[in-house]
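# Overview (structure and organization)
Here is how the chains run, residue by residue.
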Amino acid sequence: MITLFENYNQMSEYVASIVAEEITNNPNLRLGLPTGSTPIGMYKNLIQFDLDWSNVKTYNLDEYEGIGENHPQSYHTFMNKNLFLHVNLKKEFIHFPDKNLDTHLKQVGGLDLLILGIGHNGHIAFNEPGSSPTSATRRVKLTKETIIANSRFFGSEDEVPKWAFTMGLKTIRESKRIILIANGQDKWDIVNNCFNGDVTKDRPASVLQMHPNIEVFYAPQ
Ligand code: GLP
C-alpha cells in the first residue's frame, strides 16, 4: 500500500501529475486539498501545468478558528499563495469546511479525489487521535501535540489557534480516490504504523486501510 519515493521532489512531481491527469480527464473534478508543509512541492509542480480549472471544485480539509481568512497563517492564505492565485479557479467553487459541507457533498456526489497529509500523531485534516471513523465535518479542539507542531508557523505556541474546523473522517472516507503523502524520516513510524499496523482510533489515518482506493506515498527526504 505504501509507495516509496527516492526524494520529496520526485514524490511532489508525481502527485502533481496525478492531479493534472484527473483534471484533464474530468474538468468538473471535485478535488479535496491539504495544507501543511508536505503539499507545497505538489502545488509548485501543479501550477506549472497548463490546465483549465474553471469548472474544478476544490474542498479544503480544514481551517483554524479564531484567526481571520487574511491572517498570514490561515489556510485560506496558504491556498491563495500556493494555488488559487496561480490558476483560473472560480472563487465560488472554492470550499472550506463548515457545518453545511457534508450535506453539500452528499448532494453533489462526494469528492472524486482527495490529497491528504498526515500529522505525527496520525491525524488527518484535524481529526485528532480518538476521532470516530464515522465523524462528520465539525469544530474540533486541537491537541497539545498539534499545537506544538504547528507553532513553527506562528510566533509562539500561544499564538496557535486552539480550535479548528475539519472535514470529518466519514466525509474523508467517502472520497472516491485518496492519496496520502508524507515525507521525512520523522514521519516514517507513523505512516508505517497507520498502514501496516492495526486499525485504531488512536491513529486516525489507520482507518484509511479499509478504503478501496487509497494510495500512500512516502519520501524519506
Ligand atoms: C496540520 C494539518 C494537516 C496536515 C498536518 C501535517 O495540522 N491540519 O492537514 O496534514 O498538519 O502537516 P505537515 O505537512 O506540515 O507535516
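The structure under discussion appears in the preceding block.
This structure is a prediction, so every number in the text was calculated from the model and none was measured.

### Regarding the sheet that holds strand β8 (residues 163-166)
Judged by pairing direction, the sheet is antiparallel, and its three strands sit side by side in the order β4-β8-β7 without closing on themselves. The sheet is open, and its two edges are formed by β4 (62-64) and β7 (138-141), each paired on a single side. Here the average twist between neighbouring strands, direction ignored, is 30°. Sheet analysis places β7 next to β8, joined by four bridges and oriented antiparallel. Bridge pairing links Lys141 to Trp163 in β8.

### Digging into the packing of aromatic side chains
Scanning all chains against the criterion turns up nine aromatic pairs. Consider the rings of Tyr43 and Phe78, whose centres lie 6.1 Å apart with planes at 70°: the pair is edge-to-face. Here Tyr43 is found in helix α2 (residues 40-46), whereas its partner Phe78 is found in helix α3 (residues 75-82), with 35 residues between them in sequence. Exposure remark for Tyr43: the relative accessible area of 0% places this residue in the buried category. Take Phe78: its relative accessible area is 14%, and that puts it in the buried class. Grouped by ring-pair contacts, the aromatic residues Tyr64, Tyr75, Phe126 and Phe154 constitute a single cluster. One Lys or Arg, Lys57, reaches over the ring of Phe93 and ends 4.5 Å from the middle of that ring. For the cation-ring pair, Arg139 lies above Trp163, with the distance from its terminal atom to the ring centre recorded as 3.9 Å.

### Section: the nonpolar core
For soluble globular proteins, nonpolar side chains are generally found buried alongside one another. Grouped together as the largest cluster of nonpolar side chains are 41 residues, with contacts concentrated most on Leu31, Leu46, Trp53 and Leu83. Broken down by secondary-structure element, the contributors of at least two residues to this core are α1 (8-25), β2 (30-33), α2, α3, β6 (113-116), β9 (177-183) and β10 (214-219). The element that contributes the greatest number of residues to this core is α1, accounting for eight residues. With residues near it in sequence (within four places) discarded, Leu46 still touches Ala16, Val19, Ala20, Leu51, Trp53 and Leu83. Core analysis: the next-biggest nonpolar cluster, separate from the first, contains 26 residues, Leu111, Ile178, Val191 and Val207 among them.

Calculation criteria
- Residues numbered from 1 in each chain as written.
- Predicted model: local features only at pLDDT ≥ 70, side-chain atom pairs only at ≥ 80, totals over all residues.
- Heavy atoms only, no water.
- Pairing = 2+ DSSP bridges.
- Helix = DSSP H or I, 4+ residues; strand = E, 2+ residues; numbered from the N terminus.
- Axes fitted to C-alpha atoms, helices over the stretch in contact; angles between N-to-C directions.
- Phe/Tyr/Trp six-rings, centres within 6.5 Å; stacked < 30°, edge-to-face > 60°.
- Buried < 20%, exposed > 50% of the residue type's maximum accessible area, 1.4 Å probe, protein only.
- Lys NZ or Arg CZ within 6 Å of the ring centre and 35° of its normal.
- Core = buried A, V, L, I, M, F, W, Y, C linked by side-chain atoms within 4.5 Å.
- Contact = heavy atoms within 4.5 Å.

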